[in-house]
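# Examining the three-dimensional arrangement
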Amino acid sequence: MEEAEAVFMIERVYVKDSSFESPNAPLSFVQTEAPTVDVGLNTASNQVEGMDGLTEVILTVTVKAKAGESTYFAVEVQQAGLFRIQNIPEEHLPALIAVHCPTILFPYAREVVADMVGRGGFQPLHLHPVNFEALYQQAQQEQVSHTTQ
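We now turn to the structure provided with this report. Small disclaimer: the values here were computed from a predicted structure and weren't measured. (Residues numbered from 1 in each chain as written. Predicted model: local features only at pLDDT ≥ 70, side-chain atom pairs only at ≥ 80, totals over all residues. Heavy atoms only, no water.)

## Description of a nonpolar patch on the surface
What counts here: Within this analysis, patches are made of residues with over 30% relative accessible area and no salt bridge. Like charges are joined at 9 Å or less; nonpolar side chains (Val, Leu, Ile, Met, Phe, Trp, Tyr) at 5 Å or less. For accessible areas, the Shrake-Rupley method is used with a probe of radius 1.4 Å. Any residue's cover is judged against the shown protein chains and nothing else. Whenever Lys or Arg places a side-chain nitrogen within 4 Å of a carboxyl oxygen from Asp or Glu, that contact is recorded as a salt bridge. Secondary structure counts use DSSP, requiring at least four H or I residues in a row for a helix and at least two E residues in a row for a strand, with both numbered from the N terminus.
Together, V37, V39, L41 and L135 give the surface a local cluster of nonpolar side chains, amounting to about 290 Å² of exposed area. Locating L135 in the fold gives a position in helix α2 (residues 132–148).

## So, the nonpolar core
So the rule is basically this: We call a set of buried residues a nonpolar core when its members are Ala, Val, Leu, Ile, Met, Phe, Trp, Tyr or Cys and they connect through side-chain atoms within 4.5 Å of each other. Exposure is judged per residue with a 1.4 Å probe applied to protein chains only, and the accessible area is read against the type maximum: over 50% gives exposed, under 20% gives buried, and values in between give partly exposed. Should any heavy atoms of two residues lie within 4.5 Å, those residues are counted as being in contact.
Counting 29 residues, the largest nonpolar core has V63, F73, V75 and V113 as its most contacted members. Elements supplying a minimum of two residues to this core: β3 (54–67), β4 (70–86), α1 (93–119) and α2. Residue contributions to this core peak at 12 residues, all from α1. In this structure, V75 is in contact with S19, F20, V61, T62, V63, V113, M116 and V117, ignoring residues within four places of it in sequence.

## Focus: the packing of aromatic side chains
Stated precisely, the cut-off is as follows: In summary, the pairing rule links any two rings of Phe, Tyr or Trp, Trp by its six-membered ring, whose centres are within 6.5 Å, and it sorts them by plane angle into stacked for under 30 degrees, edge-to-face for over 60 and tilted for everything else.
Scanning all chains against the criterion turns up five aromatic pairs. With 5.7 Å between their ring centres and 10° between their planes, F8 and F83 make a pair best called stacked. Linking F8 in strand β1 (residues 7–21) with F83 in strand β4, this pair joins segments that are 75 residues apart in sequence. For F83, a relative accessible area of 0% gives the class buried.

## Quick word on the sheet that holds β4
To keep it simple, the criterion reads: Two strands qualify as a pair provided DSSP detects at least 2 bridges between them. To define axes, lines are fitted to C-alpha atoms, for helices over the stretch in contact only, and angles between the resulting N-to-C directions are given on a 0 to 180 degree scale.
Overall, antiparallel pairing links the four strands, which are arranged β1-β4-β3-β2 in an open sheet. Edge positions in the open sheet fall to β1 and β2 (36–47), since each of these has one partner strand only. Within this sheet the neighbouring strands show an average axis-to-axis angle of 15°, counted without direction. For β2 and β3, the ladder comprises 12 bridges, and the chain directions are antiparallel.

## Quick notes on the pairing of β3
Burial analysis of β3 places 11 of its 14 residues in the buried class, which makes it a mostly covered element. If you look at the hairpin formed by β2 and β3, you'll find six residues sitting between the two strands, and G50 has a positive phi there, around 80°. Of the strand pairs in this sheet, β3 and β4 are connected by 14 bridges, and their pairing is antiparallel. Across the sheet, residue I58 finds its bridge partner in β4, namely A80. Linking β3 to β4, which pair antiparallel, is a turn of two residues; within it G68 sits at a positive phi near 65°.

## Observations regarding the environment of F106
Tracing the sequence through the fold places F106 in helix α1. Residue F106 is classed as buried on the basis of its relative accessible area, which comes to 6%. In this structure, the C-alpha to C-alpha distance between F106 and L59, residues 47 residues apart in sequence, is 7.4 Å. In this view, F106 contacts L41, L59, L127, H128, P129, V130 and F132; residues no more than four positions away in its chain are not counted.

The structure is reproduced here in structure tokens:
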């Protein structure tokens, strides 16, 4: 019996949700204190019902710029992708979904964040590249240490 060919394809990349807040504008435009910028990343995935082999992966990027108690802006982008994943060995799926899919989605999310921040009246914010493989390995090590305690 022939082994079926492995398939990993991008079907579609899209913004699932986005929000921008600048609660202290216009005062935040004249602040002289440089804000601290916190970036959060989260990945979720789910099988699309009725569409065999399609997995939706959602990369959520959250960015908050604050100086003291004053929030300059807050951005959240859910960048999603629809991926055709078929005949991939089960043991490779977690890394594929947690590393490769977010690596594909991140440049799109980065562009949306920069655009939204710029349209909000601030200098566009260009997020640094992210090593999703390192984040995945770190999460795996933390999971192992929690189960061995």
